[in-house]
Every structure is written in C-alpha cells, then in structure tokens.
Amino acid sequence: METGERGAVVVDRQQRTSVDGVWAAGDCCQSIHRVSGRPSYEPLGTVANKQGRVAGINITGRYATFPGVLGTAVHRICEAEIGRTGLNESEAAEAGFATVSVRVEATTAAGYLDEAGRSRSS
C-alpha cells in the first residue's frame, strides 16, 4: 500500500488506496490541502468523520468524494486557546504564496460575559 505524508496511506478523493478493493479513512491516511493542492496529514476527528462517510458511500457502490482539508484546527490547553486555518508560513512558501503573519490576542467570550473580563454591571 502506498504511503505519503508522515507515513500516512495515500488515498484518492473517493478514499481508495493503491490496493484494489481497499479504502482508508481517518488518522491513517492523508488528504489534499484545498489551498495548496498538495498532500496533507490532518489527524482530526472532523476530517476522519467526513472521510469515513465518503469511504462508506463508495464501498456500497454509490459515489462520493472528499474535497480535502483547509488545515483548520483549534486546541485548548488550560486557559490558552490556539487556532489556525490555511497554510503556515513554510507551507505557503513551499506552495509559492507570499506570506503575511499576524498574531491576534483576543477573548473567545462575548464582551458582555464575565469571562471576557468585563463585569455585567459596567
């Protein structure tokens, strides 16, 4: 079976592997990044769920495709929340894109909630 990015199984848009009659989905296989058009490894539950649905539809003789990933992920570690989408700077440079990097510090709570650092009486 052919492997690619980070040792992940190479699949086509129908989740078929290089072995006839074998499909793969989820954390074991790579995807295509929709911005760069290049192979990408995104081991996330949302990706696995969508790939699994596509594989299941195709295994039963119907037709479906997985369009790829956008590289979106959000993580929370204690009080820190980190999110990303698209390409990082090195991925963008490899794909031939000019880059702009921005760091945004903000709250994820609505401004009227106590969690946003404002009191409800103000």
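Above this text you will find the structure in question.
Residues numbered from 1 in each chain as written. Predicted model: local features only at pLDDT ≥ 70, side-chain atom pairs only at ≥ 80, totals over all residues. Heavy atoms only, no water.

Draft legend 1. Layout of the side chain of T17. Mapped onto the secondary structure, T17 falls in the segment before β1 (31–32). A polar contact is formed between the side chain of T17 and the backbone nitrogen of V19, at a distance of 3.1 Å. Filtering out sequence-adjacent residues up to four positions away, T17 remains in contact with M1, V9, V10, V11, V22, W23 and A24. (Helix = DSSP H or I, 4+ residues; strand = E, 2+ residues; numbered from the N terminus. Polar contact = N/O pair within 3.5 Å; in protein donor to acceptor, adjacent residues only side chain to side chain. Contact = heavy atoms within 4.5 Å.)

Draft legend 2. Region of the structure containing the pairing of strand β3 (residues 73–77). Here 5 bridges tie β3 to strand β4 (residues 80–84), and the two strands are oriented antiparallel to one another. Along β4, the bridge assignment pairs R76 with E81. Linking β3 to β4, which pair antiparallel, is a turn of 2 residues; within it C78 sits at a positive phi near 55°. (Pairing = 2+ DSSP bridges.)

Draft legend 3. Molecular detail of the nonpolar core. By size, the foremost hydrophobic cluster in this structure holds 5 residues: V47, V54, A64, F66 and V69. When sequence neighbours within four positions are dropped, the list of residues in contact with V69 reads S31, I32, H33, R34, S40, E42 and V47. (Core = buried A, V, L, I, M, F, W, Y, C linked by side-chain atoms within 4.5 Å. Buried < 20%, exposed > 50% of the residue type's maximum accessible area, 1.4 Å probe, protein only.)

Draft legend 4. View of a nonpolar patch on the surface. Where nonpolar side chains cluster on the molecular surface, the patch consists of V35, L70 and F97 and spans about 250 Å² of accessible area. Here F97 lies in the segment after α2 (89–94). (Patch = residues over 30% accessible without salt bridge, like charges linked within 9 Å, V, L, I, M, F, W, Y side chains within 5 Å. Areas by Shrake-Rupley, 256 points an atom, 1.4 Å probe, with all protein chains shown as cover. Salt bridge = Lys/Arg side-chain N within 4 Å of Asp/Glu carboxyl O.)

Draft legend 5. Quick peek at unusual backbone geometry. One non-glycine residue with positive phi stands out, namely R6, at about 50°. Among the secondary structure elements, R6 is positioned in the segment before β1. Phi is positive for Q15, close to 75°, though the residue is something other than glycine. Mapping Q15 onto the fold places it in the segment before β1. We classify Q15 as buried; its relative accessible area is 1%.

Draft legend 6. The arrangement of the side chain of Q14 in detail. With respect to the helices and strands, Q14 occurs in the segment before β1. Within the local environment of Q14, its side chain forms a polar contact with the side chain of R16, the two groups lying 2.9 Å apart. At 3.0 Å, the side chain of Q14 forms a polar contact with the side chain of N58. If we skip the residues at most four places from it in the chain, Q14 touches W23, V54, A55, N58, Y63, A64 and T65.

All quantities given are derived from atomic positions and should not be read as evidence of function.
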